[in-house]
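# Results of the structural survey
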Amino acid sequence: GNSVTQMEGPVTLSEEAFLTINCTYTATGYPSLFWYVQYPGEGLQLLLKATKADDKGSNKGFEATYRKETTSFHLEKGSVQVSDSAVYFCALKSGGYQKVTFGTGTKLQVIP
Amino acid sequence: DVKVTQSSRYLVKRTGEKVFLECVQDMDHENMFWYRQDPGLGLRLIYFSYDVKMKEKGDIPEGYSVSREKKERFSLILESASTNQTSMYLCASSFRDRAMGEQYFGPGTRLTVT
């Protein structure tokens, strides 16, 4: 079956530091890949997405590249801000299957 | 903007009570989902529905039931609440038959069962 593994948190960074959150997946076929973000007290919202190998999703300074050869979709940002403090979820959707498989989430705390 | 609303942000119920959590979406999405979110476990799918009156069990359906009488509304029912159902409950919706299939989430209901 499908599964998503992401690095455990919490991750604590100083403002303007470089961020990487690792995500690897197992899936049948060619899944679509997503990063969702959950700010304190809110539901999840889509951050970025990619549908095929070598696609790069980007939004709000965050990027992730769909790497089929390593089955990875690592999230990166060059310079984090305090407002980026949140929980980040990697997820996949496989083909016509309607369900989305989520990772366990990585909490990011950015300190001034 | 897609909007998914949930009936309550916080709810406190007693053990054995019947609990209703309501979710409404305004984007004509075919699919609707109920998840629970617990620390260290991420999101776990309870039930989902791909059409009115249709439902499928997710990964942890025990102790829950659902109802979808109208396309925009999806209800989660705890028949007899127990303390191990204390959790954050998230509703989501999405289009069917779209390759991307991204989901749109409500703000969540934090349920405490005492």
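So, here is what we can say about the structure in this document. (Residues numbered from 1 in each chain as written. Chains lettered and ligands numbered in written order. Predicted model: local features only at pLDDT ≥ 70, side-chain atom pairs only at ≥ 80, totals over all residues. Heavy atoms only, no water.)

The subject of this paragraph is the sheet that holds strand β8 (residues 73–78) of chain B. Residue and element names in this part refer to chain B. Within the open sheet, the four strands sit side by side as β1-β3-β8-β7. Their pairing is antiparallel. Taken across any chain shown, the strands that pair with only one partner, and hence form the sheet edges, are β1 (4–6) and β7 (64–70). When the angles between neighbouring strand axes are averaged without regard to direction, this sheet yields 20°. Pairing geometry for β1 and strand β3 (residues 19–25), over three bridges, is antiparallel. Counted as the bridge partner of valine 4 is glutamine 25 from β3. (Pairing = 2+ DSSP bridges. Helix = DSSP H or I, 4+ residues; strand = E, 2+ residues; numbered from the N terminus. Axes fitted to C-alpha atoms, helices over the stretch in contact; angles between N-to-C directions.)

Attention now goes to the state of the cysteines. One pass over the structure, following the stated rule, counts two disulfides over all chains. Paired through a disulfide, Cys23(A) and Cys90(A) show a sulfur-sulfur distance of 1.9 Å. Torsion about the S-S bond of the Cys23(A) and Cys90(A) cystine: about -70°, corresponding to left-handed handedness. Residue Cys23(A) is found in strand β4 (residues 23–26), and its partner Cys90(A) is found in strand β10 (residues 86–93); the two are separated by 67 residues along the sequence. Neither Cys23(A) nor Cys90(A) differs from the other in exposure class; each is buried. The disulfide bridge from Cys23(B) ends at Cys91(B), spanning 1.9 Å between sulfur atoms. In this structure the cystine formed by Cys23(B) and Cys91(B) twists about its S-S bond by roughly -80°; its chirality is therefore left-handed. Taken together, the residues Cys23(B) in strand β3 and Cys91(B) in strand β9 (residues 87–94) connect sequence positions 68 residues apart. (Disulfide = S-S within 2.5 Å. Buried < 20%, exposed > 50% of the residue type's maximum accessible area, 1.4 Å probe, protein only.)

All right, on to the nonpolar core then. Trp35(A), Leu47(A), Leu48(A), Phe73(A), Leu75(A) and Tyr88(A) are the most contacted members of the largest nonpolar core, which totals 26 residues. When contributions to this core are tallied by element, the ones reaching two or more residues are β2 (11–14), β3 (19–21), β4, β5 (32–38), β6 (44–50), β8 (62–65), β10 and β12 (106–111) of chain A. By residue number, the principal contributor to this core is β10(A), which donates four residues. By size, the runner-up hydrophobic cluster in this structure holds 20 residues, among which are Met32(B), Trp34(B), Phe74(B) and Val113(B). (Core = buried A, V, L, I, M, F, W, Y, C linked by side-chain atoms within 4.5 Å.)

Opposite charge on two side chains permits pairing when their charged atoms draw close. Within the structure shown, the criterion is met by eleven salt bridges over all chains. Its salt-bridge partner being Lys52(A), residue Asp55(A) comes within 3.3 Å of it at the nearest N-O pair. For Glu69(B), the salt bridge identified is with Lys53(B), shortest N-O distance 2.5 Å. Highlighted residues: Glu69(B) in strand β7 and Lys53(B) in the loop between β5 (42–49) and β6 (56–57), separated in sequence by 16 residues. The pair formed by Glu69(B) and Lys53(B) is uniform in burial state, with each residue classed as exposed. Shared partners join several salt bridges into a network, and the residues in it are Arg36(B), Asp38(B) and Arg44(B). (Salt bridge = Lys/Arg side-chain N within 4 Å of Asp/Glu carboxyl O.)

Let us now look at the layout of surface pockets. Here the largest pocket is characterised by a volume of approximately 580 Å³. If you trace the largest pocket, you find 29 residues lining it, with Gln38(A), Val87(A), Gln37(B), Pro39(B) and Arg110(B) closest to the centre. For the lining of the largest pocket, the secondary-structure elements that each account for two or more residues are β10 and β12 of chain A together with β4 (31–38), β9 and β11 (109–113) of chain B. Each residue belonging to the lining of the largest pocket can be placed in one class, and the counts come to ten nonpolar, 13 polar and six charged. Empty space within the second largest pocket amounts to approximately 290 Å³. Taken together, 14 residues form the lining of the second largest pocket, with Val100(A), Thr101(A), Phe102(A), Leu43(B) and Asp59(B) sitting closest to its centre. When contributions to the lining of the second largest pocket are tallied by element, the ones reaching two or more residues are β11 (100–102) of chain A together with β5 of chain B. In the lining of the second largest pocket, the residues fall into seven nonpolar, four polar and three charged. (1 Å grid on protein atoms, 1.4 Å probe; cavity = no way out; pocket = protein on both sides within 12 Å on 5 of 7 lines; lining within 4 Å. Points joined across faces, edges and corners; volume = space filled by probe spheres on them. Nonpolar A, V, L, I, M, F, W, Y, C, P; charged D, E, K, R; others polar.)

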